[in-house]
Amino acid sequence: MNDDTKNDTSTTSTMWGGRFEAGPSAVMEEINASIGFDQRLYTQDIRGSRAHARMLVSKDIITKVDGDAILKGLDQVEAEIKAGKFKFSRALEDIHMNIESRLREIVGDAAGRLHTARSRNDQVATDLKLWVRDALDGLDGALQDLQATLIDRAEEHTASVMPGFTHLQTAQPVTLGHHLLSYTEMIGRDRSRIKDCRTRLNECPLGAAALAGTSFPIDRDQTAAALGFQRPTHNSLDSVSDRDFALEYLSVLSILGVHLSRMAEEMVLWASVQFGYMRVSDDFSSGSSIMPQKRNPDAAELVRGKSGRVFGALMGLLTVMKGLPLSYGKDMQEDKEPVFEASDTMELCVSAMTGMFASATYDTARMENDAGKGFTTATDLADWLVRVLTMPFRDAHHVTGALVKMAEEQGVGLEGLTLEDMRSVEPSITKDVFAVLGVLKSVNSRTSFGGTAPTNVLAAVKDARERFLK
């Protein structure tokens, strides 16, 4: 698409009518123009104009002849933009005036009637809401694909044992399938936030005009319905000055960014030689310019890093909006670039994470071996003391701690202690205690709802498919 950077004074003067005798300075044109980024709104802008034109005709505000000409002209404009033949002009500032100017070239004076009973203020609010709504729908679909990949991988590893961590220290044995399903739950909450955000934004600002509404007998319910909104917005001042929906969208993306970054961090750790749990496939890895042995999980590192850009977009727009009096201010033109950039960034990150999880391989033997290190069955021993010997848990905790110390001194796991060793700390311990020691026994015993037992994980896989993929 071409960009006309010339200062077209005649066009600008015409655009503003008789109030201005001269066009803007080159600096003013540079700081004021938004066509470089808001041309992405062309589809939404044309959708809004079609709905507005049809409503104007239905209310006899413009003639059917003019309405038909406008609709036909908008079809041509859209086709030209899609084909890359549309010439965008910086002198016309934004997507709204660029489309209107071209429409006038195509259909003549009828194009001038399209802006009856609306302003660029309600127009841009409507366009951006439509764009964000479309982006939310696309993101939800991409996240569902990520969940499907995670659920499939979890089903493969329902019984693959690995260490679970707290404080990045081995804590208790879990299954890899259980771990992967925890990611699925994170993404499920992100999708829930998408749904909530979409519900709140789904009110149509079109018809609020500049800030006070209009004296023309418009039908805002008609335009709202035509554009798929639940209802028109209730207050014209708020309609043109509200960017909560953009802030909430960036908040949704930011929390998603936190989740993807945490997943990516585990990929980076697990792919290291020190962990050796996971191999990121070649198509999501890179090498080193000097060290030929290196395989770096760069895609995961970039997902982790790009979350910061999304957080910055949210903070930037919060700062823009925090001190604005009602109603519209040109400051609000700064809403689009952070929304577009954050959206593009997260779309790419979700695709990368889906690809990495789909193609990753896991060293389950190493995971299972590590699952027993660090006395990870200590809680099982304490629970046995409570359950079988009816010992208060705090006493059981103390006894188990003493046995862990003994095993550490002997250089063995808890299951490596003899019955005599254990009885030297707690005489009432019986040989039955060995039935709960060992990582496989530990994992299989965790059958409480939401627990890591393989039988639970199989059921959780089925449940996750019902909740997230239907």
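Above this text is the structure in question.
Residues numbered from 1 in each chain as written. Predicted model: local features only at pLDDT ≥ 70, side-chain atom pairs only at ≥ 80, totals over all residues. Heavy atoms only, no water.

Moving on, we get to the packing of aromatic side chains. Counted under the stated rule, the structure contains six aromatic pairs. Feature note: the residues Phe165, Trp270, Phe275 and Tyr277 constitute an aromatic cluster, connected by ring pairs. (Phe/Tyr/Trp six-rings, centres within 6.5 Å; stacked < 30°, edge-to-face > 60°.)

Moving on, we get to helix α14 (residues 364-371). Within α14, burial applies to Met367, Asp370 and Ala371. Projection of α14 onto a plane perpendicular to its axis shows the buried side chains occupying an angular sector of 110°, all on one side. On its buried side, α14 packs onto β3 (161-166), β4 (169-175), α8 (176-201), α11 (244-270), β8 (361-362) and α18 (439-445). (Buried < 20%, exposed > 50% of the residue type's maximum accessible area, 1.4 Å probe, protein only. Helix = DSSP H or I, 4+ residues; strand = E, 2+ residues; numbered from the N terminus. Arc of directions from axis to C-beta. Contact = heavy atoms within 4.5 Å.)

Looking at chain direction, β3 and β4 are connected through six bridges and run antiparallel. Within β4, the position partnered with Val161 by the bridge is Thr175. (Pairing = 2+ DSSP bridges.)

Counting 89 residues, the largest nonpolar core has Leu260, Met353 and Phe357 as its most contacted members. In terms of residues, this core owes the most to one element, α11, which gives 14 residues. Counting residues in hydrophobic clusters, the runner-up holds 21 residues, among them Ala378, Ala396, Ile429 and Val436. (Core = buried A, V, L, I, M, F, W, Y, C linked by side-chain atoms within 4.5 Å.)

This part covers helix α4 (residues 42-58). Helix length check: α4 (17 residues) gives 24 Å between terminal C-alpha atoms against 24 Å at 1.5 Å per residue, within 8%. Summarising burial for α4: twelve of the 17 residues are buried, a large majority. Taken together, the buried positions of α4 are occupied by Tyr42, Gln44, Asp45, Ile46, Gly48, Ser49, Arg50, Ala51, His52, Ala53, Met55 and Leu56. In this structure, the buried side of α4 is in contact with α3 (35-38), α5 (64-82), α6 (95-107), α7 (120-156) and α9 (220-226). Asp60, located one to two residues past α4, shows a positive phi value of around 60°. (Expected span 1.5 Å × (residues − 1).)

It is worth spelling out the side chain of Asp66 at this point. Relative to the helices and strands, Asp66 resides in helix α5. If near-sequence neighbours (up to four positions away) are discounted, Asp66 is found in contact with Ala110 and Arg113.

Any two packed helices are characterised by how steeply their axes cross, that is the angle between the axes, and by the distance between the axes. The N-to-C vectors of α7 and α8 enclose an angle of 165°; their axes lie 9 Å apart at closest approach. Viewed along their axes, α7 and α8 adopt a mutual orientation that is roughly antiparallel. For the element pair α7 and α8, the recorded crossing hand is left-handed. Across the contact of α7 with α8, the residue classes break down as 15 nonpolar, five polar and eight charged. (Axes fitted to C-alpha atoms, helices over the stretch in contact; angles between N-to-C directions. Parallel < 35°, antiparallel > 145°, perpendicular 65-115°, else oblique. Left-handed = near helix turned anticlockwise from the far one by under 90°. Nonpolar A, V, L, I, M, F, W, Y, C, P; charged D, E, K, R; others polar.)

Once that is clear, we can look at the packing of α11 against helix α13 (residues 336-359). Packing of α11 against α13 brings their axes to within 10 Å, and their N-to-C directions diverge by 30°. Judged on the interaxial angle alone, α13 and α11 are roughly parallel. Where α11 crosses over α13, the two elements pack in a sense that is left-handed. In this structure, α11 contributes Ala246, Tyr249, Leu250, Leu253, Leu256, Gly257, Leu260, Met263, Ala264 and Met267 to the contact, and α13 contributes Pro338, Val339, Ala342, Ser343, Met346, Cys349, Val350, Met353, Met356 and Phe357. For the contact of α11 with α13, the residue count by class is 18 nonpolar, two polar and no charged.

This part covers the pattern of salt bridges. One side chain can pair with another of opposite charge once the charged atoms of both are near each other. Under the counting rule described, the total for this entry stands at 31 salt bridges. Note that Arg465 and Asp152 form a salt bridge whose closest N and O atoms lie 2.6 Å from each other. Of this pair, Arg465 sits in helix α19 (residues 454-468) while Asp152 sits in helix α7; the two residues are 313 residues apart in sequence, bridging distant segments of the chain. With relative accessibility at 38%, the residue Asp152 sits in the partly exposed group. Here Arg465 makes a salt bridge to Glu155, at a shortest N to O gap of 3.0 Å. Taken as a pair, Arg465 in helix α19 and Glu155 in helix α7 lie far apart in primary sequence, 310 residues in all. Look at the salt bridges and you will find they share partners, linking Arg50, Asp75, Glu78 and Lys82 into a network. (Salt bridge = Lys/Arg side-chain N within 4 Å of Asp/Glu carboxyl O.)

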